[in-house]
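What follows is each chain in one-letter form.
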Amino acid sequence: MLVNTREMLQIANEKNYAVPHANVVDQHTLKAAIKACKELHMPLIIGWAEVHEKFITMEEVAHLCKLYLRDIDVPVAIHLDHGSSIDVAKKAIDLGFTSVMFDGSMLPIEENIQKTKEIVEYAHPLNVTVEAELGHVGNGSDEDIEETKADLYTKPEEAVRFVKETGIDSLAVAIGTAHGEYKQAPSIDYVRLAEIKKVIDIPLVLHGSSGTGLDKLNKCVEGGINKVNICTDLLKAASAYLKENADQLYDRLSVEVEDAIKDCLKQYYKALKTQKSE
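The following refers to the structure shown. As the structure is a prediction and not an experimental result, all values here were calculated from the model.

1. What about the state of the cysteines?
Considering all chains together, one arrives at 0 disulfides under this definition. Left without a disulfide partner, C37 is nearest to the cysteine sulfur of C65, which lies 10 Å away. Here C264 stays unpaired: no disulfide links it, and the sulfur of C231, its closest cysteine neighbor, is 11 Å away. Judged by relative accessible area, which is 17%, C264 ranks as buried.

2. Comments concerning helix α8 (residues 214-222)
Here α8 has its buried residues at L217, N218, C220 and V221. All buried residues of α8 lie within an arc of 160° about the axis, which places them on one face of the element. Each element contacted by the buried residues of α8 is listed here: α7 (190-199), β7 (204-206), β8 (225-230) and α10 (250-272).

3. A short note on the pairing of strand β4 (residues 99-102)
Side chains of β4 alternate between two faces, with S99 and M101 and V100 and F102 buried alike. Note on the crossover from strand β3 (residues 76-83) through helix α4 (residues 86-95) to β4: the handedness is right-handed. Pairing between β4 and strand β5 (residues 129-134): 4 bridges, direction parallel. Paired with S99 across the strands is T129, a residue of β5. As a crossover connection, the stretch from β4 through helix α5 (residues 109-123) into β5 is right-handed.

Quick notes on the rules
- Residues numbered from 1 in each chain as written.
- Predicted model: local features only at pLDDT ≥ 70, side-chain atom pairs only at ≥ 80, totals over all residues.
- Heavy atoms only, no water.
- Disulfide = S-S within 2.5 Å.
- Buried < 20%, exposed > 50% of the residue type's maximum accessible area, 1.4 Å probe, protein only.
- Helix = DSSP H or I, 4+ residues; strand = E, 2+ residues; numbered from the N terminus.
- Arc of directions from axis to C-beta.
- Contact = heavy atoms within 4.5 Å.
- Right-handed = clockwise from strand over helix to strand, strands pointing away.
- Pairing = 2+ DSSP bridges.

Shown next as structure tokens:
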């Protein structure tokens, strides 16, 4: 069933587990993610980001999700990941996305609040949830990622103000993870996570989970993370199968690649202690 992220993440918050957010870059990654949640009967957040526009468009994802989710009886949300502008967020909502993220993390906090609030005011009357980011989650390829400057991490006192003034439904926090592949294993600021969780009662989101390690992710979930974004590890699982089976015809490869992605996502479900839907 197609839902927004409000109830699924509120339940995850209350029961101290996390829901995986799987980024999709084409029809096969989309089908694989849906297969995983259907087989395990667990909730899923399907994410699409603008950087993948050249592979699959926002319109295609919206229409394909409506087709593939017709007979699914578990909660699934379609989410705009890292929306770059108010217009992009509104377009996703108008196409049928049930959840959107506005990423104003590199803007001054006043501007981030103002733009995020405008999206919330557009989304909520249409029963669409809004995620925003405070602090900044960088890229794993950056130099010295383990020593990311503390001023890029989420500050608890700013988080309180941000949530109160914007009315968002979930908050993406910067505590040491990064997008893409890491040059070295990330160092997670669990103390900061605990401080944020103490003062924020809405669900918290972790971006840049791929390559972090399932044990560290499990600890993040125990510390209060309720949504975990995954992309690179899913693509690496597909790439590994393609490399090992380069002599196979495409029709067989497409099915097996979906299974490789599905199996990878299932490992995340287990680590995140996601609960089956009733």
